[in-house]
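Breakdown of the fold
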Amino acid sequence: MEPSDFDQVLQRAARWVASYLKNTREFPVLSASRPGAVAEAIAPAMPEDGEPLGALLDDFERIVMPGITHWNHPRFFAYFAITGSEAGILAELLAAALNVNAMLWRTSPAATEVEEAALGWLRDALGLPQRLFGVVYDTASVSGLHALAAARESLGLDIRNLGTAGRDLPRLRVYCTAETHSHIEKDAILLGIGRDNVVKIATDDAFRMDPAALELALTEDRAAGYLPMCVAATVGTTSTTSIDPVRAIAAVCRQHRVWLHVDAAYAGPAAIVPELRWVLDGSELADSIVVNPHKWLFVPIDLSVLYTPHEALLRRAFSLIPAYLETSESEVRNYMDYGVQLGRRFRGLKLWFVLRAYGRAGIVARLRNHVAWAQELAHRIGAATDFEILAPHPLSVVCFRHAPKAIGGDALDAHNQRIVDAVNRTGFAFLSTTRLRGRLALRMAIGNERTTEADVFETWDLILRTARGLIA
Ligand code: PLP
């Protein structure tokens, strides 16, 4: 390919991206693609001869786009939104072009040092202590895995070298709640802890971990011969964004000498907003904290951050340097030492770009809006007598359901499922559901940077009309 050809196709792609971001709201949020439709449009085998890049762009629009659910859409209210921010996309493009592997400092000093600097900025903006070391992984699930592995390493059982099989080891246990994200359980599976040793501590009316119940479980388990390894508290649970009382949990952990992990994947960034700083209250006492800038901080997927005061311990858990990776530099950090993977993308660039492009004030203003709109939404839902709010809503997520008198308790789940399916089929907005104390809840999460106040309330009007229309 001639360089000028690439230049042309790149310019076409750049125009496409800019126009797509400007017009995302014109697309149906949820793809209407039927199962198999995209696969059928793809040739059954790879081409014998290479094709021009322009043809790939044509097929991207023809084949791929109909099968896209638009996470960038301002009315994407399902799960936790992510934003394809301009600054983040730019960084992704440049990082792809550089194609560096950030495994060792020397394999691109800038990749390591930009990551370190951006993580320092973020840590300070979150109000976390300067002594925390940070490292980027792709997702919170993987950040959590590394935190739990460090917790296991801290026990001094030398599982790293001796493994767990055929040894006289106490059974290790992890403590969380039924509201904890499922990755903690998956991480426990992977680390050989076993699902049965993931103990679900009771929660209060607001879906928060009960520290007294935790204390009791730890005491009883120790007496029964288990070895508590880690307590996983959550700041912003997935279903309702409930915030576990981390300070009180930290006191229990300290007393029982158990590692405290804080999963603040979604809600952590809220701490940048002065009046929401409290969400991370007590997290400075944690042994590990996860924050996902790819959730509520406008960084495109994938970028999750693990902070820990135990840098050396995390390194001890994972560092293994074969001869072909030995280096002569001292005083530098080789990020391959802090995880399972050797090869690492230059993810720090997009975090650095996003933090610079928005600035602290820009982030604060947007997060404030999201929270304010969610509170107003909850107010309107509360004012509609045939609806009910199903959980406290401290941040930008509201869980609720339609509960008209005409429909009996048992039929409400099916009725609310019909509502969400009908709303999602319109392509106007996309909501997801969860289950709270066994009841199906509609869940509306505000977090995309391009969402406007009108998007939130027009969607609420659509839900209202749809719900009432289904029983008329
Ligand atoms: N933790 C919480 C609280 C979450 O809500 C989620 C996902 O929604 C995760 C962890 C997992 O995130 P990831 O997709 O980055 O693994």
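See the structure shown above.
A brief structural summary. (Residues numbered from 1 in each chain as written. Predicted model: local features only at pLDDT ≥ 70, side-chain atom pairs only at ≥ 80, totals over all residues. Heavy atoms only, no water.)

**A word on the pattern of salt bridges**
If you walk through the whole model with that rule in mind, you get 32 salt bridges. Here Glu185 makes a salt bridge to Arg195, at a shortest N to O gap of 2.7 Å. Pair noted here: Glu185 is in helix H8 (residues 183-190) and Arg195 is in the loop between H8 and strand S3 (198-201), with a separation of 10 residues, a long-range link. Using a relative accessible area of 15% as the deciding quantity, one classes Glu185 as buried. The shortest N-O distance in the salt bridge between Glu388 and Arg439 comes to 4.0 Å. With Glu388 in strand S8 (residues 387-389) and Arg439 in strand S11 (residues 439-445), this residue pair connects regions lying 51 residues apart in the sequence. Taking relative accessible area as the criterion, Glu388 reaches 27% and is therefore assigned partly exposed. Judged by relative accessible area, which is 32%, Arg439 ranks as partly exposed. Sharing partners across several salt bridges, the network here consists of Glu92, Asp302, Arg345, Arg347 and Lys350. (Salt bridge = Lys/Arg side-chain N within 4 Å of Asp/Glu carboxyl O. Helix = DSSP H or I, 4+ residues; strand = E, 2+ residues; numbered from the N terminus. Buried < 20%, exposed > 50% of the residue type's maximum accessible area, 1.4 Å probe, protein only.)

**A few points about the sheet that holds strand S1 (residues 133-137)**
Sheet strands pair by backbone hydrogen bonding; their relative direction is either parallel or antiparallel. One open sheet holds the seven strands; their spatial order is S1-S7-S6-S5-S4-S2-S3, and the pairing between them is mixed. The two strands at the open ends of the sheet, each matched to only one other strand, are S1 and S3. Strand after strand, the sheet turns through a mean of 20 degrees between neighbouring axes, direction not considered. Bridge count for strand S2 (residues 172-177) against strand S4 (residues 227-234) is four bridges, and the pairing is parallel. Bridge assignment links Tyr175 to a residue of S4, and that residue is Val231. The strands that H8 touches are S2, S3, S4 and strand S5 (259-264); relative to S3, the one it contacts most, it runs at about 155 degrees. (Pairing = 2+ DSSP bridges. Axes fitted to C-alpha atoms, helices over the stretch in contact; angles between N-to-C directions. Contact = heavy atoms within 4.5 Å.)

**Here we look at the state of the cysteines**
Under the defined criterion, the tally for this structure stands at zero disulfides. The thiol sulfur of Cys176 is not disulfide-bonded, and the nearest other cysteine sulfur, from Cys230, lies at 9.0 Å. In this structure Cys230 is a free cysteine whose sulfur lies 7.8 Å from that of Cys253, the closest cysteine sulfur available. According to the relative accessible area criterion, Cys230 is buried, its value standing at 0%. (Disulfide = S-S within 2.5 Å.)

**Things to note about the site of the ligand**
Residues in contact with the ligand amount to 13 residues; listed here are only the nearest, Ala140, Ser141, Thr238, Asp263 and Asn292. Separating an oxygen atom of the ligand from a side-chain N or O atom of Ser141 is a distance of 2.5 Å. Considered on its own, the ligand offers 400 Å² of accessible surface; in the complex 86% of this is hidden by protein. Elements represented by at least two residues in the shell around the ligand include exactly helix H6 (140-154) and helix H11 (293-296). Grouping the amino acids of the shell around the ligand by side-chain chemistry returns three nonpolar, eight polar and two charged. (Near = heavy atom within 4 Å. Polar contact = N/O pair within 3.5 Å; in protein donor to acceptor, adjacent residues only side chain to side chain. Areas by Shrake-Rupley, 256 points an atom, 1.4 Å probe, with all protein chains shown as cover. Nonpolar A, V, L, I, M, F, W, Y, C, P; charged D, E, K, R; others polar.)

**Regarding the sheet that holds strand S10 (residues 432-436)**
Strand order in the open sheet formed by four strands is S8-S9-S11-S10, and the pairing between neighbours is antiparallel. The two strands at the open ends of the sheet, each matched to only one other strand, are S8 and S10. Neighbour to neighbour, the strand axes of the sheet diverge by 40 degrees on average, direction disregarded. As paired elements, S8 and strand S9 (residues 397-402) share three bridges and run antiparallel to each other. Each residue of the ladder has a partner; that of Phe387, found in S9, is His402. With respect to the sheet, helix H13 (residues 348-383) is in contact with S8, S9 and S11, its orientation differing from that of S9 by roughly 15 degrees.

**Focus on the environment of Asp59**
With respect to the secondary-structure elements, Asp59 resides in helix H3 (residues 53-64). Classification of Asp59 by relative accessible area gives partly exposed; the value is 29%. For the pair Asp59 and Gln11, spaced 48 residues apart in the sequence, the C-alpha separation amounts to 17 Å.

**Overview of the packing of aromatic side chains**
Centre-to-centre distance and the angle between the planes together describe a pair of aromatic rings. Evaluation of the coordinates by the stated rule reveals 17 aromatic pairs. Ring centres of Tyr79 and Phe430 lie 5.8 Å apart, and the angle between their planes is 80 degrees; this geometry places the pair in the edge-to-face category. Here Tyr79 is found in the loop between H3 and helix H4 (86-98), whereas its partner Phe430 is found in the loop between helix H14 (412-425) and S10, with 351 residues between them in sequence. We classify Tyr79 as partly exposed; its relative accessible area is 44%. We classify Phe430 as buried; its relative accessible area is 7%. Here the aromatic rings of Tyr266 and Trp296 are separated by 4.8 Å at their centres, their planes lie at 15 degrees, and the arrangement is stacked. (Phe/Tyr/Trp six-rings, centres within 6.5 Å; stacked < 30°, edge-to-face > 60°.)

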